[in-house]
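Remarks on the overall topology
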Amino acid sequence: MVTKQTANHIRNAAIEDMNANAVNEAKRSLLNWLGVAIGAANHESMDKVISVAKTLGNPSIASVLGRDEKVDMLFAALLNGMSSHIYDFDDTLLETVLHPSAPVFPAILAYGEQNGISGKEVLESFIVGCEVEARLALTVYPSHYWRGWHITGTVGGIGAAAAISKLMKLDTERTAYSLGIAATDPTGLREMFGTMTKPYHPGKAAMNGLLAALLGEQGFTSSVTPLEAERGFIKVLSEEADMTLLTEAWGTKWEVEKNSYKPFASGIVTHPAIDGIISLARQYKLKPENIQSIEIKGHPLVKELTSKEKIRTGLEGKFSVYHCVAAGLLHGKAGVKEFTDECVNDHAFSEIRNKTKLVIDKRLKEDQAEVIVTLKDGSQYSHFVEQSIGSAGNPMTDQQLKEKFKEVTGDIVSEEAKNRLIDVVYHFEELEDLNEFFSLCRPAELAKK
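A brief look at the structure comes next. All figures in this text were calculated on a predicted structure; none of them were measured in a lab.

Conventions and cut-offs
- Residues numbered from 1 in each chain as written.
- Predicted model: local features only at pLDDT ≥ 70, side-chain atom pairs only at ≥ 80, totals over all residues.
- Heavy atoms only, no water.
- Helix = DSSP H or I, 4+ residues; strand = E, 2+ residues; numbered from the N terminus.
- Contact = heavy atoms within 4.5 Å.
- Axes fitted to C-alpha atoms, helices over the stretch in contact; angles between N-to-C directions.
- Left-handed = near helix turned anticlockwise from the far one by under 90°.
- Nonpolar A, V, L, I, M, F, W, Y, C, P; charged D, E, K, R; others polar.
- Parallel < 35°, antiparallel > 145°, perpendicular 65-115°, else oblique.
- Salt bridge = Lys/Arg side-chain N within 4 Å of Asp/Glu carboxyl O.
- Buried < 20%, exposed > 50% of the residue type's maximum accessible area, 1.4 Å probe, protein only.

1. A short note on the environment of Ala41
Its location among the elements puts Ala41 in the loop between α2 (20-39) and α3 (44-55). Discounting residues that sit within four places of it in the chain, Ala41 has contacts with Met46, Leu65, Gly66 and Arg67.

2. Section: the packing of helix α9 (residues 172-183) against helix α10 (residues 197-217)
Where α9 meets α10, the closest approach of the two axes is 8 Å, and the angle between their N-to-C directions is 140°. The element α9 and its partner α10 pack so that their crossing is right-handed. Seen from α9, the contacting residues are Arg174, Tyr177, Ser178, Ile181 and Ala182; seen from α10, they are Ala212, Ala213, Leu215, Gly216 and Glu217. Among the residues making up the contact of α9 with α10, the classes are represented as six nonpolar, two polar and two charged.

3. Some details on the packing of α2 against helix α19 (residues 398-409)
It is the contact of α2 with α19, at a shortest axis distance of 8 Å, that shows an interaxial angle of 15°. By the angle class used here, α2 and α19 are roughly parallel. Of the two possible hands of crossing, α2 and α19 adopt the one that is left-handed. Residue-level inspection shows Arg28, Leu31, Asn32, Leu34, Gly35, Val36, Ile38 and Gly39 of α2 in contact with α19, the latter providing Asp398, Leu401, Lys402, Lys404, Phe405, Val408 and Thr409. Along the lines of polarity and charge, the residues of the contact of α2 with α19 split into seven nonpolar, four polar and four charged.

4. Some details on the pattern of salt bridges
Side chains carrying opposite charge are able to pair once their charged atoms draw close together. Across all of its chains, the model carries 24 salt bridges by this definition. Of the charged contacts in the structure, one is a salt bridge between Lys27 and Glu429, with a shortest N-O distance of 2.9 Å. With Lys27 in helix α2 and Glu429 in the loop between α20 (415-426) and α21 (435-440), the pair connects residues that are 402 residues apart, well separated along the chain. Overall, the relative accessible area of 33% leaves Glu429 in the partly exposed class. Across the pair Glu436 and Arg420 runs a salt bridge whose closest N-O atoms are separated by 2.7 Å. Of this pair, Glu436 sits in helix α21 while Arg420 sits in helix α20; the two residues are 16 residues apart in sequence, bridging distant segments of the chain. With relative accessibility at 32%, the residue Glu436 sits in the partly exposed group. When its relative accessible area of 32% is taken as the criterion, Arg420 is described as partly exposed.

These figures come from the coordinates and say nothing about function on their own.
Pasting the structure below:
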């Protein structure tokens, strides 16, 4: 049985048997995830969810990264998962456009803060949780995604349940129950992209996975074949059914090793076009007032995911390749500030969006694009992006990740805390507990007290 085999793999996995590259990539994943989670800590959507948590009268025991408030363990998983996806700046497994860290790390840290786990256990359980969600994503992709499910939310809860089951050292039966409870709670519709509900998806997945494992620990029963059964997760939510992808070659390779990190705070399929326009603007010193038109040739997913033309909010801008190109041209980057409501409604941005056209070329890969700029004097410049920065073939370096972490966290944590957090993350397996880690994630003004 596939679920039982998976549960056994979860139980038996050990960081000592994992290769050094997988462990290092888990650390890079943590740094990237932590930066974007802290960076969006004060977003208005976070205020709304915290307000609900307070209304429910939950115990204030678990940390919300980058904030003063504490909430219960489940709401901490929800909030920290949500904040890490608000900017759409988190990591991506490109084969399935799964964001692996956002559903799994929040569940691990919410549980870990209360249960005295070590840094080594955090890394081990993340690699395991990432492996389960990534393999499941490969099993149900692409029909699952094209049907309209947000794959990060749907498989992410199962990955979170796997990670917490590992931390709890549950036996095979109770691990299977945990996976089953999480499998019955798929979260996320792509219709929600461009709204506050999109980042809610990985947060709710983290919350669901944590709750599933807590219930599984109690012997709360579920089907023991929730993934592979005729009315189980895979066959109900997709047209694919290659169950071998869930269990084959387990431990000989780790999906986290394929993880990629975004240099731009927008949908991953917009990155080649942004990369292209920035290169052209720098090389030819392009001035917006001289541009007649911009043509983007891209993969079909660019149209499917990011073809919003009429946009009013920064969140919508993340799913508009037209706005992303305007940001690259006008600001030379596409970071957090380029996706504010102010930028989206700026006349200069709307003018460039109106001059931009998208053409689909099925021959192109997801990390490729061609950008063609025509000037008013008739001259034309083009740039083909073979592999955009942040893709598997052109990954962000450790130095670039550190710079991104410092920039995205802004003034929420102190410069001293940022430097220390970077050092702590790259030596995470040495932590005996998470006390210093959570202390460093407090807002700058509180850390001084």
